[in-house]
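Breakdown of the fold
Chain residues, written in single-letter form:
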Amino acid sequence: MFILDNKGRQPLHDKIYNQIKNQILSGQLPPATKLLSIKNLSAELSVSRNTVEYAYQQLYAEGYIHSKPRSGYYVSLIDPEFLPSSFSHIGMTPRKVSEDRIVYSFDFHPACLSSESFPTNLWRKLYIESLQEDSEQLAFYSDQQGDFALRSEIQRYLAHSRGVSCDPEQIVICSGLQDSLSIIAPILKENHSTFAVEDPGHFMPKAVFRNHSFAINPIPVNSEGLDLESLQKTNSTVVYVTPSHQFPLGYVMPVANRLKLIDWAETVGGVIIEDDYDSELRYHGRPIPALQGLHPGANIVYVGTFSKVLSPALRVSYMVLPYRLLTIYRKLFSDYSTNVSLLDQRTLNKFMEKGNWERHLRKMRTIYKRKHDELIQSIHHHFGSKANIIGQGAGLHVVLELVGNSLTEGELINRARDRDVQLLPISGMYFNNTGRDPQIMLGFGRMSSNEIDRGIGLLYQAWNL
Ligand SMILES: Cc1ncc(COP(=O)(O)O)c(C=O)c1O
């Protein structure tokens, strides 16, 4: 609801612009809200269409709103970190998300999967079997560390496919990265206070450890992953790394550096948290064994997930605790219960023990490799020498670096949205987001082959390179 008064000398379009901007920043107009059409708002306020159009154009140019073809203007997502302090409460405003979610025809989200990733019919069958067989167990709270049979299956899988060496009793079934880090942080708090993270890197580890009052040290990433010299110069004693496929840049840490990192941890009495989140999806070259397997007795917490190959909505992941930390875990968490449904765990166990997980993995690797290769080919075809591709050969996304382009990230994303293409910003993953060519994450998990090529063509047109 807008109220326009005729007081003061401020032009009407400025008044409209300011009111909408303030409502966006205060959260009254949450992301994805559709604005009134120019015609309807001008009728409602009894002003000319030009006045409203002028205000909308200004909001658009500043990235507060974006347009969708044949649909209208929508409120854009604004990173709360960039809000002025007077609006820092924005994240506390309740938001309707699902009803307002805009579906784009071309969605390059880096963590979404295609619907064929989930084996719906088989899952339904195994779920019903679990329900029938385990109905007695549904009357109780289940094992706090997770179903033992499932932990045994995961242990076997990790040993032969990732070279991870552990016992099932070291495994804790979790409901995703946030859950595992929320367990690890208090365990480490007893002896540590400074936490190093990759820069750029996933936002979750820094958020969780900051909430547990750790000081955060960003460590730059180079083409060999986390920069060890920079790490050594800090007073950190805990580090979070993605050595097999650095997130988001995709670099692989060579074995020599992995050994040096383990050596660092032993020297400073430190702990390494190894996130092996998409290790299953390697398309070229030999799989890279996990860092944990190089020194299973070291203080390495190994974290993995079923989100990349099966479903991010399932919320099932796992971590392997070294024995030293397992003792503290048992002391601190003995009164806690698991966050993961026993039925989901039993179903997953059946899925794994009957060989379906390995079969599903092979199928998904083939599908995603094809999409990955098509994406690379399409980028070369449309962009040629105007873009570099970073981090190809694994996972569900690559990073596109635009050479000598002067558009800001907001402009690149808004122009893409105008063509019905969804992109997620990478800037939030950086501590220091200046002095480099613009980068864009391109996830291909959700797109069909045809959509990939059309989407990349639309981006090239939208950016007018
Ligand atoms: C670096 C990284 N780790 C872990 C995950 C998986 O998280 P979760 O198990 O919470 O779904 C993701 C998902 O995108 C990720 O990017």
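Residues numbered from 1 in each chain as written. Predicted model: local features only at pLDDT ≥ 70, side-chain atom pairs only at ≥ 80, totals over all residues. Heavy atoms only, no water.

**Overview of the site of the ligand**
Ala-111, Gly-176, Leu-177, His-202, Tyr-240, Phe-247, Asp-275, Tyr-277, Thr-305, Ser-307, Lys-308 and Arg-315 make up every residue found near the ligand. The separation between an oxygen atom of the ligand and a polar main-chain atom of Leu-177 is 2.8 Å. Here Asp-275 contributes a side-chain N or O atom positioned 2.6 Å from a nitrogen atom of the ligand. Burial of the ligand by the surrounding chains reaches 89%, relative to a free accessible area of 400 Å². (Near = heavy atom within 4 Å. Polar contact = N/O pair within 3.5 Å; in protein donor to acceptor, adjacent residues only side chain to side chain. Areas by Shrake-Rupley, 256 points an atom, 1.4 Å probe, with all protein chains shown as cover.)

**Notes on the sheet that holds strand E12 (residues 387-390)**
Spatially, E12-E13-E15 is the arrangement adopted by the three strands of the open sheet, whose pairing is antiparallel. Across the chains shown, the open sheet's two edge strands, defined by having one partner strand only, are E12 and strand E15 (439-443). Going from strand to strand, the sheet's axes swing by 30° on average, the running direction of each strand aside. Taken together, the four bridges between E12 and strand E13 (residues 397-402) define a ladder with antiparallel strand orientation. Residue Ile-389 lies in a different strand from E13, and its bridge partner there is Leu-400. Sitting on the sheet, helix H12 (residues 356-383) touches E12, E13 and E15, and the angle it makes with E13 is about 10°. (Pairing = 2+ DSSP bridges. Helix = DSSP H or I, 4+ residues; strand = E, 2+ residues; numbered from the N terminus. Axes fitted to C-alpha atoms, helices over the stretch in contact; angles between N-to-C directions. Contact = heavy atoms within 4.5 Å.)

**Brief notes about empty space enclosed by the protein**
Tallying each qualifying case throughout the model produces three cavities of 30 Å³ or more. Here the largest cavity is characterised by a volume of approximately 50 Å³. If you trace the largest cavity, you find it lined by Arg-162, Ser-244, His-245, Asp-278, Ser-279, Leu-281, Arg-282, Ile-288 and Ala-394. Partitioned by chemical class, the residues of the lining of the largest cavity number three nonpolar, three polar and three charged. (1 Å grid on protein atoms, 1.4 Å probe; cavity = no way out; pocket = protein on both sides within 12 Å on 5 of 7 lines; lining within 4 Å. Points joined across faces, edges and corners; volume = space filled by probe spheres on them. Nonpolar A, V, L, I, M, F, W, Y, C, P; charged D, E, K, R; others polar.)

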